[in-house]
Amino acid sequence: MELFWILLFSIVHPYARGQGVYAPANAQIVHSGAACNVKEDNISERIYTIREGDTLVLQCIVKGHPRPQVRWTKTAGSASDKFQETSIYNETLRIEGIQRVQGGRYYCKADNGVGVAAIKSIRVDVQYLDTPVLTVHQTISDVRGSYYQEKTVFLRCTVNSNPPARFIWKRGSTAIEQSKDNGVDIYEPLYTQGETKVLKLKNLRPKDFANYTCQVSVRNVCNIEDKSVTFRLTNATSPPALRLSVNETLVVDPGRDVTLTCEVTAGFPPPTVAWSRYPGSLPLSAQVRGGSLILRAVTSADAGFYNCTAVNNVGNPARRNVNLVVRTMSNLTFQITPDSNKDSESIQMGRDLKLSCHADATPQDKVNYTWYKNSAPVFNTESLILLRSDPDMAPGTSSLEIVDMKFRDLATYSCVANFPGSRVPELRVDVNISQSSVIPPVLKLPAGGQVVSVREGGRVDLVCLLLEGKPRPPVLWSRMDKDLPMPSGKPVVETRDGRLRLTNVSRDMMGAYRCQTAPYNGLNIKRREAQVQLNVQYPPILDPVEQDVRSRNYQLVTLRCAVLRFNPPRLTGVGWFRNNEPFAAAPPGPNEAPELKFKLEPNNSGSYVCRVSNVVGTSTCTFNVSARPYNAEFYFDTPNPIRILKGNNYSYNLQWTQRDPEATDRIIGYWMNVRKNKQALYSRQIDLKGVEPVKGVLMSYMIPDLRIPLSYEVRLAPITTYSTGDYVSRTIQYSEPYTYPRPSDHVCGFEDQRICGFSQDRTDVFDWTRQNHLTQNPKRSVNTGPETDRSGTKEGYYMYIEASRPRAAGDKARLLSPLFNVTSVKGPKGTGRVPYCVSFYYHMKGKHIGTLNVLLRVRGIGTVDSLAWTKSSHQGPEWRKAFFDVSPSGPFQIVFEGIRGPSYEGDIAIDDVSITKGKCKQENSVASTVLIGGSPASHPLKPAPWMTFALCCVLVYR
């Protein structure tokens, strides 16, 4: 099902000269067809309702010249609807499977830079009805003197819907009426999500143990059917309860299989158990079997909170949570901290020293650290102190403090990190402590390394030399400006040798970089750091890069090339070239932009290039100078082709404006080429007869003898005394006029996709199909249906019903004409109702042909369909014409009803439909004439407001 909304901005059509350039005008919205509901709210805004899951198509058709740009925006929807944060620049907005959060107010804004933009809004109301949820709650009061026990039960029914739903409670199959049963209350509670109705059963009685049904309805709005839910209340009804098979926190090794089980210990009806995970969804390898969740070969990616929930809609759901932690350990680092109390930066005898060890692990608090001295375990002594968790270091760091260091303390110390009883491999780091093995680092820049220059696009190394340092620490690089990331996108980059390599250098990498020693895997002392300035060299940036310059002949032309920025800031050369040949020009001053002035003549037009250089490279400003006129601009919303009654031809009123006609020499005419299928038909010169084009003023030329429904390419180029401008082209395609139907002047051949405002009936079984010879299914049944349209052209379209599967005998398809408003009460000379002639061609070939009915549908307080014409069975291989008179008593439509016959050779087609004022003229053709309404008619045909050309809004459900 699809909803189409088309809006045209109403204007006075500028057919006359002098009215070519104009702004988009204000808009009106009218419609035809049938939405779920169409109404006006209190501020006269049109509201369209659509069922959730259907397809919404909003099409904004506007007028204005030059062609306006259409922009769609949205407000007044749900905060979760991301559409309102963006704009869509397109005439058509299509939303497949529209959701409730996408309802709201949509704005169509058309702007072409002339005058004020045109804005129109439309409100879309998405309607839906979810399946209701029925929950049961009970309260048990205190036992009073052991005489009796009072039990009250609440049945709560909740549903989300738009519009608000109506609730009906049933006990068994009988509706519950509160006024007839003192044992029940029905009310709406406060502070609930969605719509809720509560059925209260006071002091349960035996008859209250029964089946209860909550039925909700939105009264068949948008064909949304009623929904219901049923619950059986018994004396055993009870809420669910769960028991978990594992602890609430479960720590496992990677690669293990894990089974989590939630056992249901209580609840009636039997609860259903569901598993979920936070954050994210369950792993793809997870298997759910009843109340058990099985995870195969877990990895760190499977860690998280797993939740099991038991629900039987009685009381509150029972929930249990398991925090699954998968052990991981990596990146074991160490630090050596000299005696910080005495500002030491090296190992000295008689002073304190601390060795620290840290592993990145999960869970961090479960890591066990073991220290060794020369491979022997270390135990706490007066001179060796073990800290399981060092408060001066990052959490999860173990330290070994050496107090008042002696020569005996010079040794190799090892730190081993592991998870006790786990299969996760342990990590080990060795640190050799001696007076010669631990030396503070020295960081220095190489000669000339303070400033590094590189050309844009090249590569460069920024270097910080580690001259000394044991253990050798990594070197960390970052930008001096803390708000700028490194070229890799990270805030800090670690290098082992102090060398940072940058490739494809761009000018935004220019700036100061900091290098500094890392505190881990080395001495934990004041960081050594240095600064390097990166200087990126690039050629001059010029404006404009390329420009089209048009001028009259023998006029002075000035070309200016602005130098915006460059590095290094010194130019090495400036030169002008014409058609790649050097051109003499005065050199610019030190603070002046290069500039060239000359008189344009027929022999000196061409490409002028200004080349500006520095030591890095050369950049150019290119000026394409000529006296050639600018191109024409087609008037995009030219009216539809004019149908010539004799023959199957049409003419087209080609309209255009001239871009900047005064910029070049006087335009004396235009060359026009007409082509079909890329083959030239003819060329001709359009003579302006001395009248010069004016900016924004429409010019027109009538192109005759075009064949319906073929399309053509038209090319147009302006001509001056000295030259011809560029060709521009547009495609002319025949389409049905928006003004259809008008009395006595048009026949609908279904050539345009809008099929003259006809629409499909939403209440039938299937639809009529638009087709021509070129779009026929090659596997179609050959003994039924037409080969071409009524005129015999392969390109011509017609409407038909397809009788092949899945269609069954008796299935109906109805095609509705636009609505005709009958406004007068008297016919000619007061004789009664005005008659109208309905004329069409039909094709009924095949041994299984069913019936073609034509109905008159008159709108009033009620809608009445009357049979006006009918034909059944095989009628031969030719198109036949039918016509008849109708005399409606009010606004009316013509309905074409095709009924499928007993089998697949039963295609029926129609073409060239006309509905005109006045009685039909008798013709020598097969026809049936039926007078509808009995008495003479009144009411001359007047097109409905939506039929005017300047306004069109089509609303179609499919």
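Just so we're clear, the structure is a prediction, and the values are computed from it rather than from any experiment. Every chain is numbered independently, its residues counted from 1 as its sequence is written. Where totals are concerned, whole chains, interfaces and linings use all residues; where local detail is concerned, this predicted model gives features only for residues with pLDDT of at least 70, and gives and counts side-chain atom pairs only at 80 or more. Think of the side-chain values as coming from all heavy atoms in the structure, minus any hydrogens and water.

A description of unusual backbone geometry should follow, citing residues and the corresponding values.
With an omega dihedral of 5°, the bond running from Asn 162 to Pro 163 counts as a cis peptide bond. Elements are defined by DSSP. Helices are runs of H or I of four residues or more, strands are runs of E of two residues or more, and each kind is numbered from the N terminus. Secondary-structure assignment places Pro 163 in the loop between strand S12 (161-162) and strand S13 (166-171). That bond from Arg 805 to Pro 806 is cis: its omega, 15°, falls within 30 degrees of zero. Mapped onto the elements of the fold, Pro 806 is located in the loop between strand S63 (798-801) and strand S64 (812-816). In the Ramachandran plot, Asn 223 falls in the positive-phi region, its phi being about 60° despite a non-glycine side chain. With respect to the secondary-structure elements, Asn 223 resides in the loop between strand S17 (211-217) and strand S18 (227-232).

Quick one: what's the story with the sheet that holds strand S57 (residues 679-687), residue by residue and with numbers?
Here the rule is simple: two strands pair whenever DSSP picks up at least two bridges between them. Strand order in this open sheet of 4 strands is S57-S56-S59-S60, and the pairing throughout is antiparallel. Strand pairing shows two members of the sheet lacking a second neighbour, S57 and strand S60 (728-733), which therefore form its edges. The mean inter-strand angle of the sheet, taken between neighbouring strand axes irrespective of direction, is 25°. Examined bridge by bridge, strand S56 (residues 667-676) and strand S59 (residues 711-720) share 8 bridges and lie antiparallel to one another. Bridge pairing in S59 places Trp 671 opposite Ala 717. To define axes, lines are fitted to C-alpha atoms, for helices over the stretch in contact only, and angles between the resulting N-to-C directions are given on a 0 to 180 degree scale.

Pulling in residues and values, what's your account of the state of the cysteines?
For the purposes of this analysis, a disulfide is any pair of cysteine sulfur atoms at a distance within 2.5 Å. According to the stated counting rule, one finds 8 disulfides in the structure shown. The disulfide bridge from Cys 60 ends at Cys 108, spanning 1.9 Å between sulfur atoms. Here the S-S torsion is close to -75°, and the disulfide linking Cys 60 with Cys 108 is therefore left-handed. Taken together, the positions of Cys 60 in strand S5 (residues 55-61) and Cys 108 in strand S8 (residues 104-111) put the pair 48 residues apart, joining distant regions of the chain. Residues Cys 60 and Cys 108 agree in their burial class; the two are buried. The disulfide partner of Cys 157 is Cys 214, and the gap between their sulfur atoms is 2.0 Å. Measuring the twist about the S-S bond at about -85°, one finds the Cys 157-Cys 214 disulfide to be left-handed. Of the two residues, Cys 157 is situated in strand S11 (residues 151-159) and Cys 214 in strand S17; the sequence distance between them amounts to 57 residues. Exposure classes here rest on a 1.4 Å probe applied to the protein chains alone. A residue is buried below 20% of its type maximum, exposed above 50%, and partly exposed in between.

Can you explain the pattern of salt bridges? Please cite residues and give values.
Basic side-chain nitrogens of Lys or Arg form a salt bridge, by our definition, when they fall within 4 Å of a carboxyl oxygen of Asp or Glu. The tally for this structure, following the rule as stated, stands at 39 salt bridges. Between Glu 52 and Arg 100 there is a salt bridge, with the nearest N and O atoms lying 2.9 Å from each other. In this pair, Glu 52 sits in the loop between strand S4 (46-51) and S5 while Arg 100 sits in the loop between strand S7 (92-95) and S8, placing the two residues 48 residues apart along the sequence. We classify Glu 52 as partly exposed; its relative accessible area is 23%. Note that Glu 692 and Arg 666 form a salt bridge whose closest N and O atoms lie 4.0 Å from each other. In this pair, Glu 692 sits in the loop between S57 and strand S58 (699-707) while Arg 666 sits in the loop between strand S55 (649-658) and S56, placing the two residues 26 residues apart along the sequence. Relative accessible area serves as the criterion here: at 35%, Arg 666 is assigned to the partly exposed category. Ionic contacts of the salt-bridge type, sharing partners, join the residues Arg 171, Asp 181, Arg 205, Lys 207 and Asp 208 into one network.

Which residues make up the nonpolar core, and what values do they have?
Side-chain atoms within 4.5 Å link the members of a nonpolar core, which is a set of buried Ala, Val, Leu, Ile, Met, Phe, Trp, Tyr and Cys residues. Phe 840 and Phe 896 are the most contacted members of the largest nonpolar core, which totals 35 residues. When contributions to this core are tallied by element, the ones reaching two or more residues are S63, S64, strand S66 (836-844), strand S67 (851-858), strand S68 (864-872), strand S69 (880-886), strand S70 (892-899) and strand S71 (908-917). The element contributing the most residues to this core is S66, with 5 residues. Sequence-distant contacts of Phe 840, defined by excluding residues within four places in its chain, comprise Leu 852, Val 854, Trp 869, Arg 880, Lys 881, Ala 882, Phe 884, Phe 896, Ile 910, Asp 911, Asp 912 and Val 913. Phe 334, Cys 357, Trp 371 and Ile 525 belong to the second-largest nonpolar core, a separate cluster that totals 30 residues. Every residue pair with non-hydrogen atoms within 4.5 Å of one another is taken to be in contact.

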